[in-house]
Amino acid sequence: MQLIHFSLQTGPQTIPDEFPALFDGSMDRMEDIEIKLHIDPSVPQVAQTRRRISCLVRKDVEKELDRLENMDVIEKVERPTS
């Protein structure tokens, strides 16, 4: 009985290893860009109620929202969005 041994060279182990410039921790902001969302008009609109956040994780959520806002990933909105 003969056994066949082989190895496969796959290169970098992870996507961040293959594309380090995309995973350096920085983010760019795209301004003055218009996009078109394709929405099916036959689907009725539904307003979702906001979800309550457990008091156990509320501070962590607020901290993460502040971090994302400081990075310009999100922005605070004081008015209804619909």
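Residues numbered from 1 in each chain as written. Predicted model: local features only at pLDDT ≥ 70, side-chain atom pairs only at ≥ 80, totals over all residues. Heavy atoms only, no water.

1. Observations regarding the overall build of the chain
(1) Moving on: Helix and strand content of the chain: 2 helices and 0 strands.
(2) Moving on: For the chain, the accessible area works out to roughly 9500 Å², and carbon and sulfur atoms hold 54% of it. (Helix = DSSP H or I, 4+ residues; strand = E, 2+ residues; numbered from the N terminus. Areas by Shrake-Rupley, 256 points an atom, 1.4 Å probe, with all protein chains shown as cover.)

2. Concerning the pattern of salt bridges
Side chains that carry opposite charge are capable of pairing whenever their charged atoms lie near each other.
(1) Moving on: One pass over the full model with this rule turns up 2 salt bridges.
(2) Moving on: The salt bridge involving arginine 67 is made with glutamate 64; its shortest N-O contact spans 2.8 Å. Here arginine 67 and its partner glutamate 64 are both found in helix α2 (residues 58-70), 3 residues apart, which amounts to about one turn of the helix.
(3) Moving on: Residue classification places glutamate 64 among the partly exposed positions, given a relative accessible area of 34%.
(4) Moving on: Here glutamate 78 and lysine 76 are joined by a salt bridge, their closest N and O atoms 4.0 Å apart. For the pair shown, glutamate 78 and lysine 76 are each scored as exposed. (Salt bridge = Lys/Arg side-chain N within 4 Å of Asp/Glu carboxyl O. Buried < 20%, exposed > 50% of the residue type's maximum accessible area, 1.4 Å probe, protein only.)

3. Description of a nonpolar patch on the surface
(1) Moving on: Together, Met30, Ile33, Ile35, Leu37 and Ile39 make up a nonpolar patch on the protein surface, roughly 630 Å² of accessible area in all.
(2) Moving on: Locating isoleucine 35 in the fold gives a position in the loop between α1 (15-18) and α2. (Patch = residues over 30% accessible without salt bridge, like charges linked within 9 Å, V, L, I, M, F, W, Y side chains within 5 Å.)

4. Re unusual backbone geometry
(1) Moving on: With a phi close to 65°, aspartate 72 is a non-glycine residue in the positive phi region.
(2) Moving on: Accessibility expressed as a relative area gives 45% for aspartate 72, which makes it partly exposed.

5. Considerations on the layout of surface pockets
(1) Moving on: Size it by volume and the second largest pocket reaches roughly 170 Å³.
(2) Moving on: Around the second largest pocket, the lining residues are Ile53, Arg58, Val61, Glu62, Leu65, Asp66, Glu69, Ile74, Glu75 and Lys76.
(3) Moving on: Class assignment of the residues belonging to the lining of the second largest pocket gives a composition of 4 nonpolar, no polar and 6 charged. (1 Å grid on protein atoms, 1.4 Å probe; cavity = no way out; pocket = protein on both sides within 12 Å on 5 of 7 lines; lining within 4 Å. Points joined across faces, edges and corners; volume = space filled by probe spheres on them. Nonpolar A, V, L, I, M, F, W, Y, C, P; charged D, E, K, R; others polar.)

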